[in-house]
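# Observations on the three-dimensional arrangement
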Protein chains: 2
Amino acid sequence: MKIDPVSILKEHDLKHTKQRVRVLEEIALDTVAISQPDLEKKLGKEIDRVTLYRILNTYQEKGILHRIMDMNGTANYAICSSSCSEDHHHDEHVHFNCTKCFKIYCLEVEVPRIKMPKGFLAKTVSSTAYGICEKCNNI
Amino acid sequence: MKIDPVSILKEHDLKHTKQRVRVLEEIALDTVAISQPDLEKKLGKEIDRVTLYRILNTYQEKGILHRIMDMNGTANYAICSSSCSEDHHHDEHVHFNCTKCFKIYCLEVEVPRIKMPKGFLAKTVSSTAYGICEKCNNI
DNA sequence: TAGTATATGCAATTTAATTGCATATACTAT
DNA sequence: ATAGTATATGCAATTAAATTGCATATACTA
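Residues numbered from 1 in each chain as written. Chains lettered and ligands numbered in written order. Predicted model: local features only at pLDDT ≥ 70, side-chain atom pairs only at ≥ 80, totals over all residues. Heavy atoms only, no water.

Under an unreviewed UniProt entry, chain A has the name Fur family transcriptional regulator, ferric uptake regulator and belongs to Pedobacter nyackensis.

Shown next, in the form of structure tokens:
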């Protein structure tokens, strides 16, 4: 995925700071979602913990990042597809949560339509598969 | 749902204590999953916080309760269907997470089959719909 | 380039989760 | 029924995670 942090910030009316750019770069490195603890470890020296919290929150609110909760309740982040906006996330692909290495993959598989019972208005649906990922299978 | 805490404990080789019974009773009260903070509030006077943590963990490990993470990373608990075991949870129904009241419903809708990419072995799949629930719609 | 609004980093606080240990409780075998 | 044993509980202390307030630094505007 080609990512240009500077133009992403512009598009969303966010000020261009080196911390914000750095966070986007780091997350864009991998197709796998990165967990907040891992991000902290990687950026801990460069960016204050509190600042990281705030950046991640605004990115998630603006629709720049997806926040995916794993089975431990830990937040993981991945870049949104370009169609996401502040009003509406289009995170309608299946996530795969490896129960061995705990990595979260964004699969190229669409979330199937689900019929809701009367009275329930679903805005988004998320599907997460739990199991053993590609890499852990080959070990 | 009719629940008999005592026989559930027996079935899973767990000692019969009043705290364990109490937790099951409380969770069985509602078809809606209850959040850990809410449980703490309700039981705080009767059961020590640490004990509650431990009880919830063993229930989840034994397949007595499902742990459903909500969008905030908060754990919510609901009684498993009888087919759940220590080895395998059969939580293959769709959850509905209300973004207004934050309640989590277990819907009577099966999780659709999803084709995994080569190399990924899914053991379970969870689907959660986010939106406005029945009750919040009528308010 | 000066002025203004906002982002950052630090300190302090609040909240959540975990661990160790002494006591209490449930089950087993007699 | 009861003594013995294993395990659950509650409390205290610790560790970790998240939030808040505020002074300073930085980016954008005119």
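Now that the structure has been shown, the text picks up again.
### Focus: the overall build of chain A
Within chain A, the secondary structure is distributed over five helices and six strands. The secondary structure elements of chain A, listed N-terminal to C-terminal, are α-α-β-α-α-β-β-β-β-β-α. Among the 139 residues that make up chain A, the fraction classed as buried is 45%. When contacts within chain A are restricted to residue pairs at least 6 apart in sequence, long-range pairs at least 24 apart make up 52% of them. (Helix = DSSP H or I, 4+ residues; strand = E, 2+ residues; numbered from the N terminus. Buried < 20%, exposed > 50% of the residue type's maximum accessible area, 1.4 Å probe, protein only. Contact = heavy atoms within 4.5 Å.)

### Details of the protein's contact with DNA strand D
Around DNA strand D, the structure places 17 residues, and the nearest of them are A:His16, A:Tyr53, B:Thr17, B:Gln19 and B:Arg54. At a separation of 3.4 Å, a base nitrogen of DNA strand D approaches a polar side-chain atom of A:Arg49. Interatomic distance of 3.0 Å between a side-chain N/O atom of B:Thr51 and a phosphate oxygen of DNA strand D. At the level of secondary structure, the elements contributing two or more residues to the surface near DNA strand D comprise α4 (49-62) of chain A together with α2 (18-28) and α4 (49-62) of chain B. (Near = heavy atom within 4 Å. Polar contact = N/O pair within 3.5 Å; in protein donor to acceptor, adjacent residues only side chain to side chain.)

### Quick look at the relation of the copies chain B and chain A
Placing chain B over chain A gives an RMSD of 0.0 Å and needs a rotation angle of 180 degrees, together with 0.0 Å of translation along the axis. On the angle and the small slide along the axis, the relation comes out as a two-fold axis. (Least-squares fit on C-alpha atoms with pLDDT ≥ 70 in both.)

### Observations concerning the protein's contact with DNA strand C
Close contacts around DNA strand C come from 17 residues, with A:Thr17, A:Gln19, A:Arg54, B:His16 and B:Tyr53 the closest. Atoms of DNA strand C within 4 Å of the protein: sugar and phosphate make up 62%, bases the balance. Within the contact set of DNA strand C, a base nitrogen lies 3.4 Å away from a side-chain nitrogen or oxygen of B:Arg49. Class assignment for the residues of the surface near DNA strand C results in five nonpolar, four polar and eight charged. (Nonpolar A, V, L, I, M, F, W, Y, C, P; charged D, E, K, R; others polar.)

### Some remarks on the packing of helix α3 (residues 36-43) of chain A against α4(A)
Residues and elements named next belong to chain A. Contact pair α3 / α4: the axes reach a minimum separation of 11 Å and the direction vectors enclose 130 degrees. Accordingly, the angle class assigned to the pair α3 and α4 is oblique. Where α3 crosses over α4, the two elements pack in a sense that is right-handed. Between α3 and α4, the contacting residues are Gln36, Leu39, Glu40 and Leu43 on the first element and Arg49, Leu52, Tyr53 and Leu56 on the second. Across the contact of α3 with α4, the residue classes break down as five nonpolar, one polar and two charged. (Axes fitted to C-alpha atoms, helices over the stretch in contact; angles between N-to-C directions. Parallel < 35°, antiparallel > 145°, perpendicular 65-115°, else oblique. Left-handed = near helix turned anticlockwise from the far one by under 90°.)

### Remarks on the interface of chain B and chain A
Each partner contributes residues to the interface: chain B has 33 residues there, and chain A has 34 residues. Approximately 2400 Å² of surface area, both sides summed, lies buried where chain B meets chain A, with 65% of it carried by carbon and sulfur atoms. For chain B, the biggest contributors to the area lost against chain A are B:Phe120, B:Leu121 and B:Tyr130; these three give 21% of the whole. Viewed at the interface, chain A and chain B are joined by zero salt bridges. On the surface where chain B and chain A come into contact, there are 13 residue pairs in polar contact (both at pLDDT 80 or more). At the level of elements, β4 (93-98), β5 (104-110), β6 (121-132) and α5 (134-137) of chain B are the ones that each hand at least two residues to the side of chain B that touches chain A. Sorting elements by how many residues they give to the side of chain B that touches chain A places β6(B) first, with twelve residues. Classifying every residue of the side of chain B that touches chain A gives 19 nonpolar, nine polar and five charged. (Buried area = accessible area lost by both parts, 1.4 Å probe. Salt bridge = Lys/Arg side-chain N within 4 Å of Asp/Glu carboxyl O.)

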